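Commentary on secondary and tertiary structure
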Amino acid sequence: MIPQLPIRSRLIVISAMPALLTLALLAACSPSEEEAPAAETPSAEQALDTTTMTRSPEGIYHRVLQEGTGEAAATGQLATVHYTGWLMSGEQFDSSRGGRPYYFRIGQGDVIQGWDMGVVGMKVGERRQMVIPPELGYGDADLGVIPPNSPLVFSIELISLD
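Residues numbered from 1 in each chain as written. Predicted model: local features only at pLDDT ≥ 70, side-chain atom pairs only at ≥ 80, totals over all residues. Heavy atoms only, no water.

Ranked by internal contacts, the top residues of the largest apolar core, which has 23 residues, are Phe 104, Trp 115, Ile 132, Phe 154 and Ile 156. For this core, the element with the highest residue contribution is strand β7 (residues 152-161), accounting for five residues. Among residues more than four places away in sequence, those in contact with Phe 104 are Gln 77, Leu 78, Ala 79, Val 81, Asp 110, Val 111, Trp 115, Asp 116 and Val 119. Residues Met 53, Trp 86, Val 131 and Val 153 belong to the second largest nonpolar core, which totals five residues. (Core = buried A, V, L, I, M, F, W, Y, C linked by side-chain atoms within 4.5 Å. Buried < 20%, exposed > 50% of the residue type's maximum accessible area, 1.4 Å probe, protein only. Helix = DSSP H or I, 4+ residues; strand = E, 2+ residues; numbered from the N terminus. Contact = heavy atoms within 4.5 Å.)

Laid out in structure tokens, this is it:
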């Protein structure tokens, strides 16, 4: 025999059902602010196809996703960015989107070398996709979500410079 809830409890549960279903549907259908636009989200094939990207002398590949119009970034400036990071498999490991922007002083070692080198020359408002080799990322360090010797894919938007 299945135990029955008292009639009062059954009425509360039944009356709450439409509201719970509505919330569930809204949550499932609403776009997340943290999701990067589809053009920025790398698939394994897209991230590996560096033939359409510009290569720096240090080995960083990049492509401009949106042109900037402001000042170009230089070493020593304080950069404010939004970013999303992926492994080459397309698995996202970090993002500032939907939250607070990230701040760092360019060329001072506040971030991985690939960022220090890769944002130089970006203009305010520019969005850039970068593929950073392991030696300019986290190298052979095992960070859990980022395996040792992993190339990294980033989408970085330069918001401001000071």
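Among the ten residues of β7, seven are classified as buried, and the element is accordingly described as predominantly covered. Sheet analysis places strand β3 (residues 78-87) next to β7, joined by nine bridges and oriented antiparallel. For Tyr 83, the partnering residue across the bridge sits in β7 and is Ile 156. In terms of strand pairing, strand β6 (residues 127-132) meets β7 through six bridges, oriented antiparallel. (Pairing = 2+ DSSP bridges.)

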